[in-house]
Amino acid sequence: MERIGIAIVGAGPAGLQAAITLSQLNYQPIVFEEHSVIGQPIQCGEGLSIQAFHDFSLEEDMDAFCVREFKKCKIMMSENKAVYGDVHAFSIRRDAFDQYLAKRATDMGVEILLSTKVTKVVRLSDGFQIITSGEKKKEYRCDMLIIAEGYKAKIARDLNFPQPTPLIKALEYKVEGEWRDDLEFYFDAKKYPSGYCWIFPRKGETNVGIATTAKDRKKRLDDFLKEKEITGSIMNKIGGQIPMNGPINKLYDTGVIVVGDTAGMVNPIFYGGIRLAMTSGEIAGKIVAHYMNSLNDNSRYNLSNYHKTLKKYQFMKKVNLKCHLFFYSRSNEYLEKLSMILEGKYINRIEKWEKIKVIGKILKCPILLRHPLGLYWIYRGFKIARDWGF
Ligand SMILES: Cc1cc2nc3c(=O)[nH]c(=O)nc-3n(C[C@H](O)[C@H](O)[C@H](O)COP(=O)(O)OP(=O)(O)OC[C@H]3O[C@@H](n4cnc5c(N)ncnc54)[C@H](O)[C@@H]3O)c2cc1C
């Protein structure tokens, strides 16, 4: 059995960022990735906010994976009243993005084992036994484990972590042609329950997708395309699942940490998770390096610091889930009234006098007044989603 220090399961943004951070702190983890090509198959709308570029100093190399820049988004909660979102985001090539992160990691000495699926992890008295299948079928023994395997969380569940449920299913078409100028989000309580449809224009093509708990997603997405008169030929179809309710309660155990989708690190309003995956990966990397140092000098650093550090971030706040539960259980009548009041405004940038005017209008609207706290959750949740939504 080959002995290694730190093992990371999964080479998505969470696992790769954990590996980059560890190598910056002089640890060289081994990353196990079941696929033969990093970042493929793509399961993503490929939207990413500017904050991720700032956090991880990605600005210099943006040309390698950025396709198009956006300074605002359009949010449709009724047929004809547009509300806006104050976002600064990019459409990216998701496979190129993940490959860029992988190159950053390998340039610093991280080993990524491709076509190597971790099939089983067994807890030992002083670490873990890792069993892999695929090209490099082998057994390893590691001291510390970071699980970044995405939403399925199979290895995590074997080690008694909960799966980040419920999951929402998403389906997306890559359509030929640029069908819009801005990022667009369409909410409709009947057509897209618990989710929305999106239109993300790119260069020469547009990603059009749906995330919903409704079973007949394909029909609903096809209807959406017809309704929006998006008639370009469909060049590719992708699908996937996304944790809906935000971070799980158990984020670490002796010698093991969960990050990214495995830990439910997804914004529960727009269901974006790349920035959260990288942030949780970075924090995990720092905490694990500290923990490994403490094993050497017996200073007893505790992995609970992972949860303590994460708790300071806005995406961990309970208000995100409250916003999700409240917003996605509203009727179309409610969404229509909200759009009437917010029409033309930026939902995440209502300040000072504008706020007073909006409150004045709400006071005259019984359906909105029924749950004043719910309106506050929507306001807070969408404000946080500007930075942590995707
Ligand atoms: C249709 C769709 C659209 C989305 N659109 C957006 C968007 O526009 N913006 C955004 O921010 N987020 C979006 N998301 C969410 C985003 O893709 C995820 O939150 C993000 O990829 C999570 O990163 P991760 O590293 O945690 O997991 P993943 O990216 O899922 O990476 C996990 C990796 O682990 C590997 N793996 C799994 N099991 C094993 C194993 N046993 N052994 C070895 N390797 C293993 C997988 O092959 C994979 O490479 C979307 C999701 C879907 C499904």
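Reading the values: the criteria
Residues numbered from 1 in each chain as written. Predicted model: local features only at pLDDT ≥ 70, side-chain atom pairs only at ≥ 80, totals over all residues. Heavy atoms only, no water. Pairing = 2+ DSSP bridges. Helix = DSSP H or I, 4+ residues; strand = E, 2+ residues; numbered from the N terminus. Axes fitted to C-alpha atoms, helices over the stretch in contact; angles between N-to-C directions. Disulfide = S-S within 2.5 Å. Buried < 20%, exposed > 50% of the residue type's maximum accessible area, 1.4 Å probe, protein only. Parallel < 35°, antiparallel > 145°, perpendicular 65-115°, else oblique. Left-handed = near helix turned anticlockwise from the far one by under 90°. Contact = heavy atoms within 4.5 Å. Domains from an automatic or database assignment. Buried area = accessible area lost by both parts, 1.4 Å probe.

## Some thoughts on the sheet that holds strand β15 (residues 205–212)
Turning to step 1, where the next piece is worked out: The seven strands lie next to each other as β6-β5-β13-β14-β15-β12-β16, forming an open sheet whose pairing is mixed. The sheet is open, and its two edges are formed by β6 (82–85) and β16 (234–243), each paired on a single side. In this sheet, neighbouring strand axes are inclined to one another by 20 degrees on average, regardless of whether the strands run parallel or antiparallel.
Turning to step 2, where the next piece is worked out: Sheet analysis places strand β5 (residues 73–76) next to strand β13 (residues 183–186), joined by four bridges and oriented parallel.

## Observations concerning the state of the cysteines
Turning to step 1, where the next piece is worked out: Applying the stated criterion across every chain, the model contains zero disulfides.
Turning to step 2, where the next piece is worked out: Cysteine Cys44 is unpaired, with the sulfur of Cys66 as its nearest cysteine sulfur at 13 Å.
Turning to step 3, where the next piece is worked out: The buried category is assigned to Cys44, whose relative accessible area is 12%.

## Focus: the packing of helix α8 (residues 318–327) against helix α12 (residues 372–388)
Turning to step 1, where the next piece is worked out: Running from amino to carboxyl end, α8 crosses α12 at an angle of 120 degrees, the nearest separation of the two axes being 8 Å. By the angle class used here, α8 and α12 are oblique. Remark: the crossing between α8 and α12 carries left-handed chirality. Along the contact surface, α8 presents Val319, Asn320, Lys322, Cys323, Phe326 and Phe327, while α12 presents Gly374, Leu375, Trp377, Ile378, Arg380, Gly381, Phe382 and Ile384.

## A look at the domain arrangement of the protein
Turning to step 1, where the next piece is worked out: Here the domain parsing of the protein yields domain 1 (2–46 + 93–165 + 246–316), domain 2 (167–243) and domain 3 (319–388).
Turning to step 2, where the next piece is worked out: Centre-to-centre, using C-alpha coordinates, domain 1 lies 30 Å away from domain 2.
Turning to step 3, where the next piece is worked out: If you look at the interface, domain 1 gives 16 residues, while domain 2 gives 20 residues.
Turning to step 4, where the next piece is worked out: Across the domain 1 to domain 2 interface the summed buried area is about 1,400 Å²; carbon plus sulfur atoms make up 59%.

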